[in-house]
Amino acid sequence: MTTYVRRLGLFSGTMAVVGGIIGGGIFRTPATVAERLRSPELVLVAWVIGGIVALIGAFCFGELGQRRPRAGGGYVYLRETWGALPAFLYGWTLVLVIATGAIAAVAVTFANYALALAGLGDRFAVPLAIGTIVLLAGINYVGVRPAAITQNIFTVLKLAALAALVGAGLFLGLPSARPPVSPSGGAGALGAALVPILFTYGGWQQTNFIAEEIVEPERNLPRALVLGVAIVVAVYLLTNIAYLRVLGVDGLAASTAPAADTMQALLGPVGGKVIAAGIAVSTFGFLNIVILVTPRVLQAMAADGVFFRRLAVLHPVYHTPAAAIVALAVCAIVLTLSGTFGQLVDYVTFGDWIFFGLTVAGLFIYRRREQGAGSREQEAGSSAPRSLLPAPRVFRVPGYPFTPALFVLAAAYVVFSAVASNPRNAAIGAGLIALGVPVFLYWRRMRRAG
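Residues numbered from 1 in each chain as written. Predicted model: local features only at pLDDT ≥ 70, side-chain atom pairs only at ≥ 80, totals over all residues. Heavy atoms only, no water.

1. Side note on the pattern of salt bridges
Proximity of charged atoms lets side chains of opposite charge pair with each other.
Line of reasoning, step 1. Counted by the stated rule, this structure contains nine salt bridges.
Line of reasoning, step 2. Residue Arg67 is joined to Glu63 by a salt bridge in which the shortest nitrogen-to-oxygen separation is 3.0 Å. Residue Arg67 and its partner Glu63 are located together in helix α3 (residues 40-67), separated by four residues, close to a single helical turn. Taken individually, Arg67 and Glu63 each receive the classification buried, so the pair is uniform in this respect.
Line of reasoning, step 3. A salt bridge links Arg68 to Glu80; the shortest N-O distance between them is 2.6 Å. Within this pair, whereas Arg68 is found in the loop between α3 and α4 (74-81), its partner Glu80 is found in helix α4, the two being separated by twelve residues in sequence.
Line of reasoning, step 4. Owing to a relative accessible area of 26%, Arg68 belongs among the partly exposed residues under this scheme.
Line of reasoning, step 5. What makes Glu80 partly exposed here is its relative accessible area of 23%.
Line of reasoning, step 6. Residues participating in the shared-partner salt-bridge network are Glu63, Arg67, Arg367, Glu370 and Arg396. (Salt bridge = Lys/Arg side-chain N within 4 Å of Asp/Glu carboxyl O. Helix = DSSP H or I, 4+ residues; strand = E, 2+ residues; numbered from the N terminus. Buried < 20%, exposed > 50% of the residue type's maximum accessible area, 1.4 Å probe, protein only.)

Structure, rendered in structure tokens:
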């Protein structure tokens, strides 16, 4: 198997984290949060809490990535801590629905905004979406460097679009004159608002998938994760302040497109065009990062013998998992043509947080094993072979064990809330995840027979 070439530095890693988080959520989710809380102070508190949880997640994945800088990220951590089956189910769910469905959904969103900017009808949305998937798959096929350059450019552009929104809202807008409304629901409403907020903050874990292609991943991956999430937290808070300043909490709650409403209120039709361009850029950049990182999970699964072996082979010239990139793109195109991607993603999104929680909980297992290795070293004395010595650590989660435990509880809360709000979708999603069990057993039997 060809070896990965390390080409991504700290800047590219940070841009990957930012680009993997900022998609289209910040342009929609704040309206849902405001509708549930009805208080500008509570809205900002909720986004701060969500940002703290995201930062804890970044710290935890930073230590995990420093411990195991391997292609596949969460799949590798789950395999080494909880076993082969949970790891396979994570990869199965990610590739079958979550990543491919997200690619299809975001590609159609990008196409809709791009066509609107060009003054064309939405009848071209599906062809343009498919063309975008093919284009980005091609860029990622020929190397991680052109993919990283593309990611850096579009992440900077999406940050510029949000900076324009924030600047206009804070410096051009007058405080909303709408009458204040009473907060609703108290702690229960705050908890309900955290669910969409945590989904909007999600995505930092994707950079761990490409750990083998980051220069000095033991140092740069944790730094990129923490720095990237910190940037996103600051951007999200400033964006919500701009929304609240211009629209007020009740206007924000009533809005179906808060970013467009804010810019149109400040700059008229030109503002609407600016934010539409920003959303198009944001979704394009998000597409690129998903297509960049997800094939590394397919590659890791195939290398373990639980998926098609061909997907484990890296291109001899480009050093990319070329077959895995093509397979992912084909699956995403099929979902785009089928039009079922929205429902499928809704079904299994809660499963993503099950695996988030399990992955961070695996940190306790790594630490316990490390302590056991240290005890064996003391018993063996100074003559113990180096393989028995615990590996040096340059990055540790601050506040351990309380911070990882807090993240696991937050993940459990998101899963519980998703199941309680729509039991039917959760049952269907659980069924889709469970379909991976016979597939895993089949591949394991084939591997043993081979």
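2. Examining the packing of helix α2 (residues 29-37) against α3
Line of reasoning, step 1. Relative to each other, α2 and α3 sit at 125 degrees, their axes nearing to 9 Å. In terms of axis orientation, α2 runs oblique to α3. When you trace α2 past α3, the crossing you get is right-handed. Taken together, the residues of α3 that come into contact with α2 (itself represented by Thr29, Pro30, Val33, Ala34 and Leu37) are Leu42, Val43, Ala46 and Trp47.
Line of reasoning, step 2. Of the residues that constitute the contact of α2 with α3, the class distribution is eight nonpolar, one polar and no charged. (Axes fitted to C-alpha atoms, helices over the stretch in contact; angles between N-to-C directions. Parallel < 35°, antiparallel > 145°, perpendicular 65-115°, else oblique. Left-handed = near helix turned anticlockwise from the far one by under 90°. Contact = heavy atoms within 4.5 Å. Nonpolar A, V, L, I, M, F, W, Y, C, P; charged D, E, K, R; others polar.)

3. Structural notes on the layout of surface pockets
Line of reasoning, step 1. Roughly 250 Å³ of volume is contained in the second largest pocket.
Line of reasoning, step 2. Trp92, Val95, Leu96, Phe307 and Cys331 are the residues nearest the centre of the second largest pocket, which is lined by 16 residues in total.
Line of reasoning, step 3. Of all the elements, helix α5 (residues 84-118) adds the most residues to the lining of the second largest pocket, at six residues. (1 Å grid on protein atoms, 1.4 Å probe; cavity = no way out; pocket = protein on both sides within 12 Å on 5 of 7 lines; lining within 4 Å. Points joined across faces, edges and corners; volume = space filled by probe spheres on them.)

4. Brief notes about the environment of Gln205
Line of reasoning, step 1. Within the fold, Gln205 resides in the loop between α8 (186-201) and α9 (217-254).
Line of reasoning, step 2. For the pair Gln205 and Cys60, spaced 145 residues apart in the sequence, the C-alpha separation amounts to 9.8 Å.
Line of reasoning, step 3. Apart from residues no more than four positions distant in its own chain, Gln205 is found in contact with Phe61 and Phe356.
Line of reasoning, step 4. A polar contact of 3.2 Å, which involves the side chain of Gln205, links it to the backbone nitrogen of Gly203. (Polar contact = N/O pair within 3.5 Å; in protein donor to acceptor, adjacent residues only side chain to side chain.)

5. So, a nonpolar patch on the surface
Line of reasoning, step 1. Together, Phe171, Leu172, Leu267, Val270 and Val274 make up an exposed nonpolar region whose accessible area comes to about 520 Å².
Line of reasoning, step 2. Those elements that provide at least two residues to the nonpolar patch are α7 (144-172) and α11 (269-293).
Line of reasoning, step 3. Within the secondary structure, Val270 is located in helix α11. (Patch = residues over 30% accessible without salt bridge, like charges linked within 9 Å, V, L, I, M, F, W, Y side chains within 5 Å. Areas by Shrake-Rupley, 256 points an atom, 1.4 Å probe, with all protein chains shown as cover.)

6. Examining the environment of Thr81
Line of reasoning, step 1. Within the secondary structure, Thr81 sits in helix α4.
Line of reasoning, step 2. With 285 residues separating them along the chain, Thr81 and Tyr366 place their C-alpha atoms 7.1 Å apart.
Line of reasoning, step 3. Discounting residues that sit within four places of it in the chain, Thr81 has contacts with Gly362, Ile365, Tyr366 and Arg369.
Line of reasoning, step 4. Here the side chain of Thr81 touches Tyr77 through a polar contact of 2.6 Å, landing on its backbone oxygen.

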